[in-house]
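# Coordinate inspection notes
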Amino acid sequence: DAGLTSWIGCNILEPKAGKTYVVTAAASVTGAIVVQLLKARGATKVIGIAGGSEKCKWLKETLGADGVIDYKSESVSDRLGVLCGDGIDGVYDNVGGAMLGTILKKMNHFGTIVIGGWISGYLNGENTQAVENYEMIMARRLKVQGFLCFDHLGDSNDCWGELGGLVQAGKMQVKEEIVEVGIEQFAKQVKRMFVGEKKNFGKLIMKIAPEP
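Notes on the structure follow. Numbers given to residues run from 1 along each chain, matching the order in which its sequence is written. Selection of residues for local features in this predicted model requires a pLDDT of at least 70, selection of side-chain atom pairs for listing and counting requires 80 or more, and totals for whole chains, interfaces and linings are taken over all residues. To get the side-chain values, take all heavy atoms of the structure and skip hydrogens and water.

### Quick word on the side chain of glutamine 36
The way it works is that DSSP assigns letters per residue, a run of H or I at least four long becomes a helix, a run of E at least two long becomes a strand, and they are numbered from the N terminus. With respect to the element layout, glutamine 36 can be found in helix 2 (residues 29-40). Any two residues whose heavy atoms approach within 4.5 Å are treated as being in contact. Aside from chain neighbours lying at most four places away, what touches glutamine 36 is Leu63, Lys171, Met172 and Gln173.

### Remarks on the nonpolar core
In plain words, nonpolar cores are sets of buried Ala, Val, Leu, Ile, Met, Phe, Trp, Tyr and Cys residues tied together by side-chain atoms within 4.5 Å. Burial classification: accessible surface area is computed with a 1.4 Å probe over protein chains only, and a residue below 20% of its type maximum counts as buried, one above 50% as exposed, and the rest as partly exposed. Within the largest apolar cluster, 35 residues are counted, with the highest numbers of intra-cluster contacts made by Ile8, Val23, Leu37, Leu38, Leu59 and Tyr92. Elements with a contribution of two residues or more to this core: helix 1 (2-13), strand 1 (20-23), helix 2, strand 2 (45-50), helix 3 (53-61) and helix 8 (156-168). If we skip the residues at most four places from it in the chain, leucine 37 touches Ser6, Trp7, Cys10, Glu162, Leu163, Leu166 and Met172. Core analysis: the next-biggest nonpolar cluster, separate from the first, contains 21 residues, Val22, Ile47, Ile88 and Ile115 among them.

### Observations regarding the sheet that holds strand 5 (residues 107-115)
Paired through backbone hydrogen bonds, the strands of a sheet run either parallel or antiparallel to each other. We call two strands paired when DSSP finds no fewer than two bridges between them. The strand order 3-2-1-4-5-6 describes an open sheet built from 6 strands, whose pairing is parallel. This sheet does not close on itself; its edge strands, each paired only once, are strand 3 (67-70) and strand 6 (143-146). With direction set aside, neighbouring strand axes in the sheet form an average angle of 15°. The pairing of strand 1 with strand 2 spans 4 bridges and is parallel. Bridge pairing in strand 2 places threonine 20 opposite lysine 45. Axes here refer to lines fitted to C-alpha atoms; in helices the fit is confined to the stretch in contact. Angles between the N-to-C directions go from 0 to 180 degrees. Along the sheet, helix 1 contacts strand 1, strand 4 (88-93), strand 5 and strand 6; its crossing angle with strand 4, the most-contacted strand, is approximately 160°. Each of strand 1, strand 2, strand 4 and strand 5 is contacted by helix 5 (residues 97-104), which is oriented at about 155° to strand 5, the strand it contacts most.

### Points about a nonpolar patch on the surface
The patches reported here contain residues having more than 30% relative accessible area and no salt bridge. Joining distances are 9 Å for like charges and 5 Å for nonpolar side chains (Val, Leu, Ile, Met, Phe, Trp, Tyr). Residue exposure ignores everything except the shown protein chains as possible cover, and the areas themselves are Shrake-Rupley values with a 1.4 Å probe. Salt bridge, as used here: a side-chain nitrogen of Lys or Arg that lies within 4 Å of a carboxyl oxygen of Asp or Glu. A surface patch of nonpolar side chains, about 350 Å² in accessible area, is lined by Leu148, Phe150 and Leu153. Structurally, the position occupied by phenylalanine 150 is in the loop between strand 6 and helix 8. Look at phenylalanine 150 and you get exposed, because its relative accessible area is 62%.

### Observations concerning the state of the cysteines
Working definition: a disulfide is two cysteine sulfur atoms within 2.5 Å of each other. Per the stated rule, a full pass over the model turns up 0 disulfides. For the unlinked cysteine cysteine 10, the closest cysteine sulfur is that of cysteine 159, found at 9.9 Å. By relative accessible area, which is 0% here, cysteine 10 ends up buried.

### Overview of the side chain of aspartate 89
Relative to the elements of secondary structure, aspartate 89 occurs in strand 4. For this count, His and the chain ends are skipped, Lys and Arg are scored as positive, and Asp and Glu as negative. For aspartate 89, which is buried and forms no salt bridge, the nearest opposite charge comes from lysine 19, at a distance of 4.3 Å. Side-chain atoms alone can form a polar contact between residues adjacent in sequence; in general such a contact is a pair of N or O atoms within 3.5 Å, and within protein one must be able to donate a hydrogen while the other accepts it. A distance of 2.8 Å separates a polar atom in the side chain of aspartate 89 from the backbone nitrogen of threonine 20. Sequence-distant contacts of aspartate 89, defined by excluding residues within four places in its chain, comprise Gly18, Lys19, Thr20, Met107, Asn108, Gly111 and Thr112.

### Things to note about the environment of glutamate 74
Looking at the secondary structure, you find glutamate 74 in the loop between strand 3 and helix 4 (76-83). A relative accessible area of 30% means that glutamate 74 is categorised as partly exposed. Sequence spacing of glutamate 74 and glycine 51 is 23 residues, and the spatial spacing of their C-alpha atoms is 9.7 Å. Only 2.7 Å separates the side chain of glutamate 74 from the backbone nitrogen of aspartate 70, close enough to count as a polar contact.

### As for helix 5
The buried fraction of helix 5 is high, at 7 of 8 residues. The set of residues buried in helix 5 consists of Gly97, Met99, Leu100, Gly101, Thr102, Ile103 and Leu104.

Distances and angles like these do not, on their own, reveal function.
Below, the structure is given as structure tokens:
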């Protein structure tokens with residue numbers, strides 16, 4: 001579940017005032033919740049990385065991200081240098097691969113990286129991108145933690161209590177894309193989420209089209 005996944009990841013990150021956080025695939029349903037939850041919990045600076053100007057505009061103007069990076073048209077490394085001049089303290093990573101390798105170079109000592117997904121490898125099989133700058137984990141004394149929400153189902157009530165309260169207070173928004181398709185189109189629609197083809201963003205909901 002995207003809500004519980006986001007909530008657990010933010011618990012691991014333990015956002016604090018004065019710290020800088022980066023969220024990859026920030027316009028996904030999980031990434032968008034993480035951006036908003038980090039801000040709600042007091043993070044001073046939250047930077048979202050997404051593909052496309054429309055997604056980046058939504059992150060900044062609607063969700064309140066302090067800065068955005070369009071990986072399709074900008075150098076992630078250069079933009080991180082500008083937006084995170086004092087380094088990065090925490091990362092919620094949904095992408096892995098080259099993206100994570102770039103971020104590792106910008107991490108502050110004793111920073112935390114949460115691995116919530118690995119989009120770069122979902123469709124690539126044996127061609128999954130390697131993570132460069134791996135030595136930074138040791139050199140910067142980083143904490144890197146992966147997790148699965150199934151291990152935290154007992155925390156669901158606390159999660160929904162916090163997220164539900166934020167929604168009611170108007171401090172949490174989720175975007176949905178509802179697509180009406182036949183069964184034979186399901187795989188194609190799911191693939192759109194992982195290869196950057198989604199014109200819209202947020203949570204993809206597929207509705208079974210009626211038979212002709």
